[in-house]
Amino acid sequence: MENDEITIAAGGNVKWRWPSVHPEGRKFGLIAAAITGLLFVVGWEILGWLMLIVTIWVFAFFRDPVRAVPQDEGAIIAPADGLVTLIQQVPPPREMAGPDGLGDQPLIRVSIFMSVFDVHINRTPIGGTVKSVVYISGKFLNADLDKASEDNERQHILVERHDGLRVGFTQIAGLVARRIVPFVKPGDMVAGGQRIGLIRFGSRVDVYLPAGTAPRVLLGQRTIAGETILGQLGDARVVAGIQQ
């Protein structure tokens, strides 16, 4: 095809492989495995089998699969695996507002809810320079609620592209989540879809789309971090859909 660029893997195919476990979660998995082994040693087999299930779940929770990141300058990429639960037009958070941030005009916010069964490694929607990382302590309300964006423990991250475009997103702790773990700091250079942090045990990520960009996802749609395109820069067409 004359104008299309196609990347073909060596050998012409891609094989499935077992996802690795992120180092942040290995210690929790090993602790759970040690408790499991101890329960079997002392003869508490029923508890041992239950703890074995917990151990498998802990390792699965911190799984870190490889993702095929779209190489498109205009794409705003999903930062989280999960369910799109809210799409609203709201003012940007004050920590990311103003002339040095996202401005003061309302932007479309796409909220992605991560259950305890989703991958919890978060990725940046665009490549560029991390302008700010602001952590705010707060409550641990259900992350599926609208007011979680203002009340819960959260972390705002602002990334600026080489051409000055800025995208902000917020990691929000939930009912079970009790720790937001950042992998980046202000001044770091990141590529689109790069891992930037995780939230332990169930949470949510909000993304503020740039002005003039409509979401390309629907309420109730599932996203894949580093792969799903949330919006295309400059494309204000509204996507319609139905659940069936």
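See the structure printed just above.
Cut-offs and rules
Residues numbered from 1 in each chain as written. Predicted model: local features only at pLDDT ≥ 70, side-chain atom pairs only at ≥ 80, totals over all residues. Heavy atoms only, no water. Patch = residues over 30% accessible without salt bridge, like charges linked within 9 Å, V, L, I, M, F, W, Y side chains within 5 Å. Areas by Shrake-Rupley, 256 points an atom, 1.4 Å probe, with all protein chains shown as cover. Salt bridge = Lys/Arg side-chain N within 4 Å of Asp/Glu carboxyl O. Helix = DSSP H or I, 4+ residues; strand = E, 2+ residues; numbered from the N terminus. 1 Å grid on protein atoms, 1.4 Å probe; cavity = no way out; pocket = protein on both sides within 12 Å on 5 of 7 lines; lining within 4 Å. Points joined across faces, edges and corners; volume = space filled by probe spheres on them. Nonpolar A, V, L, I, M, F, W, Y, C, P; charged D, E, K, R; others polar. Buried < 20%, exposed > 50% of the residue type's maximum accessible area, 1.4 Å probe, protein only. Contact = heavy atoms within 4.5 Å.

K.L.:
Which residues make up a nonpolar patch on the surface, and what are the values?
P.N.:
On the surface, a nonpolar cluster with roughly 900 Å² of combined accessible area is contributed by L38, V41, V42, W44, I46, L47, L50 and I53. The set of elements that each furnish at least two residues to the nonpolar patch consists of helix 1 (23-41) and helix 2 (45-61). Looking at which element gives the most residues to the nonpolar patch, the answer is helix 2, with four residues. When you line up the elements, I46 lands in helix 2.

K.L.:
Give me the lowdown on the layout of surface pockets, citing residues and values where you can.
P.N.:
By volume, the largest pocket amounts to about 260 Å³. Along its surface, the largest pocket is lined by 17 residues, and D72, E73, I126, G127 and G192 are the ones closest to its centre. At the level of secondary structure, the elements contributing two or more residues to the lining of the largest pocket comprise strand 3 (75-77) and strand 7 (128-136). Of the residues that constitute the lining of the largest pocket, the class distribution is seven nonpolar, six polar and four charged.

K.L.:
Summarise the side chain of S111; cite the residues concerned and give the values.
P.N.:
Following the sequence through the fold, S111 ends up in strand 5 (residues 107-114). For S111, a relative accessible area of 0% corresponds to the buried category. With residues near it in sequence (within four places) discarded, S111 still touches L83, V84, T85, L86, R204, V205 and D206.

K.L.:
So what's going on with the pattern of salt bridges? Residues and values would help.
P.N.:
Any two side chains of opposite charge can pair if their charged atoms end up close together. This structure, assessed with the given rule, holds 11 salt bridges. Note that R67 and D81 form a salt bridge whose closest N and O atoms lie 2.8 Å from each other. Here the residue R67 occupies a position in the loop between strand 2 (63-64) and strand 3, and D81 occupies one in the loop between strand 3 and strand 4 (82-90), the gap between them amounting to 14 residues. Like R67, the residue D81 is buried in the burial classification. A salt bridge links D206 to R109, with the nearest nitrogen and oxygen atoms 3.9 Å apart. Of the two residues, D206 is situated in strand 13 (residues 203-208) and R109 in strand 5; the sequence distance between them amounts to 97 residues. We note that D206, like R109, is buried. Linked by salt bridges that have partners in common, E73, R161 and D163 make up one network.

In short, the description is geometric, and any link to function would need to be established separately.
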